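Remarks on the overall topology
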Amino acid sequence: MLDNLAAFFSNGANIVFFVFALFAIGGAIFMISFTKVVHMVVSAAVTFLSLAGLYVLLNAEFLAAAQVLIYAGAITILMIFGIMMTRHQDEDKPSVGRSHQVLALIGVLCLFGILFYAVQHAMFPPAEATAAEDNTLEIGKRIFHDHVIPFELISLLLTVAFVGAVAIAKREEE
Amino acid sequence: MSETIMPYLTLGAILFCIGLYGALTKRNAVLVLLSIELMLNAVNLNLVAFSKLGVLPSVKGQLFSLFNIAVAAAEVAVGIAILIALFRHKGTVNADEMNMLKK
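Note that the structure is a prediction, hence the values are computed from the model and not measured.

1. Brief notes about the overall build of chain B
On a plain count of helices and strands, chain B comes out with 3 helices and 0 strands. Secondary structure of chain B in N-to-C order comes out as α-α-α. Relative to the compact-globule value of 13 Å for 103 residues, chain B shows a C-alpha radius of gyration of 17 Å, a clear excess of over 25%. With the C-alpha coordinates of chain B rotated into their principal frame, the extents come out at 60 × 25 × 20 Å. Taken over 103 residues, chain B has a buried fraction of 60%. A fraction of 59% describes how many contacts in chain B between residues 6 or more apart in sequence connect residues 24 or more apart.

Right, dumping it as structure tokens:
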């Protein structure tokens, strides 16, 4: 056991993974347990940033940049705007009853147990190591050669969603 | 020994479960949206981990994650817009007071 731990921590990438995973889980737990709404959003931003670090560890640099720009930048700021425009002095009181919370906790723990069991007992043959190539170049080639139609569809979806968001949030005329 | 995919999958499962708990128990609808984002992020982490350490490593997993992020951004924009419109009409963003369709 201790030898395993020592071997685990002798590898630099494992230490980096451990630190980022700790920050991700810590941010998520604090997001659940803080009482002020703005603090919750900030700790969710910590989670998003450490996930971007994990993407770098997985050789997905372009995705890490996109994660920082979209999640830690846009979505967090949008959430803070949403809180400021509604009611931000509010502390999030758990009005759901104790029994509701306990039931949700039991269900979530059961789900986690099933997932953990499945992950530990799945057999994945070791992957052959692929040579590190230019990640962004590869993604660009794939998008614009093989996946042009999904790319255009997602741009259409984004446009429609943002026009719809503006139309919904616009103040209605009397 | 090369690195394995188990730690990433376990981390994804933990984040997904925390997000699910938040989405089930939070009262403020903005926080419910944020918890759903956390669950989507856990899925993205799994996709990226499989794209490097899976049985057939390929960049396609990262493409899936990119499309996923775009859909999540659209979802948050529409969700916040609905919440602002609802706040203007009813003066609340609490999920348990959204019962206009009940009667």
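Moving on from the coordinates now.
2. So, the packing of aromatic side chains
If you walk through the whole model with that rule in mind, you get 5 aromatic pairs over all chains. A ring pair is formed by Phe17(A) and Tyr8(B), whose centres lie 4.7 Å apart and whose planes are at 65°; its orientation type is edge-to-face. Of the two residues, Phe17(A) sits in helix H2 (residues 12-33) while Tyr8(B) sits in helix H1 (residues 6-25), which places them in two different chains. Taken as a pair, Phe17(A) and Tyr8(B) share a single burial class, namely buried. Note on Phe48(A) and Tyr71(A): the rings are 4.9 Å apart at their centroids and 45° apart in plane angle, and the pair reads as tilted. Of this pair, Phe48(A) sits in helix H3 (residues 37-57) while Tyr71(A) is found in helix H4 (residues 61-85), placing the two residues 23 residues apart along the sequence. Given the relative accessible area of 0%, Phe48(A) is considered buried.

3. Describing the environment of Gly53(A)
Residues and elements named next belong to chain A. One can find Gly53 in helix H3. Judged by its relative accessible area of 14%, Gly53 falls in the buried class. In sequence terms Gly53 and Gly97 are 44 residues apart; their C-alpha atoms lie 37 Å from each other.

4. As for helix H5 (residues 98-121) of chain A
Taking 1.5 Å per residue as the helical rise, H5(A) with its 24 residues ought to reach 34 Å, and the 34 Å between its terminal C-alpha atoms agrees with that figure. Buried within H5(A) are the following residues: Gln101(A), Ala104(A), Val108(A) and Val119(A).

5. Quick word on the packing of H5(A) against H1(B)
Interhelical geometry of H5(A) versus H1(B) gives an angle of 165° and a closest axis separation of 10 Å. With respect to H1(B), the element H5(A) is oriented roughly antiparallel. You can see that H5(A) and H1(B) cross each other, and the crossing is right-handed. Where H5(A) abuts H1(B), its residues His100(A), Gln101(A), Ala104(A), Leu105(A), Val108(A), Leu111(A), Phe112(A), Leu115(A), Phe116(A), Val119(A) and Gln120(A) lie against Met6(B), Leu9(B), Thr10(B), Ala13(B), Ile14(B), Phe16(B), Cys17(B), Leu20(B), Tyr21(B), Leu24(B) and Thr25(B). Here the contact of H5(A) with H1(B) is built from residues that sort into 17 nonpolar, 5 polar and no charged.

6. Digging into the interface of chain B and chain A
Between chain B and chain A, the contact holds 67 residues from the first and 75 residues from the second. Taken together, the two surfaces of chain B and chain A that pack against each other cover about 6800 Å², and 78% of this comes from carbon and sulfur. For the chain B face of the interface with chain A, the top three residues by lost area are Tyr21(B), Leu34(B) and Phe67(B), together amounting to 9%. Across the contact surface, chain B and chain A share 0 salt bridges. For the pair chain B and chain A, the interface holds 7 residue pairs in polar contact (both at pLDDT 80 or more). Tallying contributions element by element places helix H3 (residues 60-90) of chain B first for the side of chain B that touches chain A, with 23 residues. Per-class residue counts for the side of chain B that touches chain A are 48 nonpolar, 12 polar and 7 charged.

Analysis parameters
- Residues numbered from 1 in each chain as written.
- Chains lettered and ligands numbered in written order.
- Predicted model: local features only at pLDDT ≥ 70, side-chain atom pairs only at ≥ 80, totals over all residues.
- Heavy atoms only, no water.
- Helix = DSSP H or I, 4+ residues; strand = E, 2+ residues; numbered from the N terminus.
- Rg over C-alpha atoms; globule rule 2.2 N^0.38 Å.
- Buried < 20%, exposed > 50% of the residue type's maximum accessible area, 1.4 Å probe, protein only.
- Contact = heavy atoms within 4.5 Å.
- Phe/Tyr/Trp six-rings, centres within 6.5 Å; stacked < 30°, edge-to-face > 60°.
- Expected span 1.5 Å × (residues − 1).
- Axes fitted to C-alpha atoms, helices over the stretch in contact; angles between N-to-C directions.
- Parallel < 35°, antiparallel > 145°, perpendicular 65-115°, else oblique.
- Left-handed = near helix turned anticlockwise from the far one by under 90°.
- Nonpolar A, V, L, I, M, F, W, Y, C, P; charged D, E, K, R; others polar.
- Buried area = accessible area lost by both parts, 1.4 Å probe.
- Salt bridge = Lys/Arg side-chain N within 4 Å of Asp/Glu carboxyl O.
- Polar contact = N/O pair within 3.5 Å; in protein donor to acceptor, adjacent residues only side chain to side chain.

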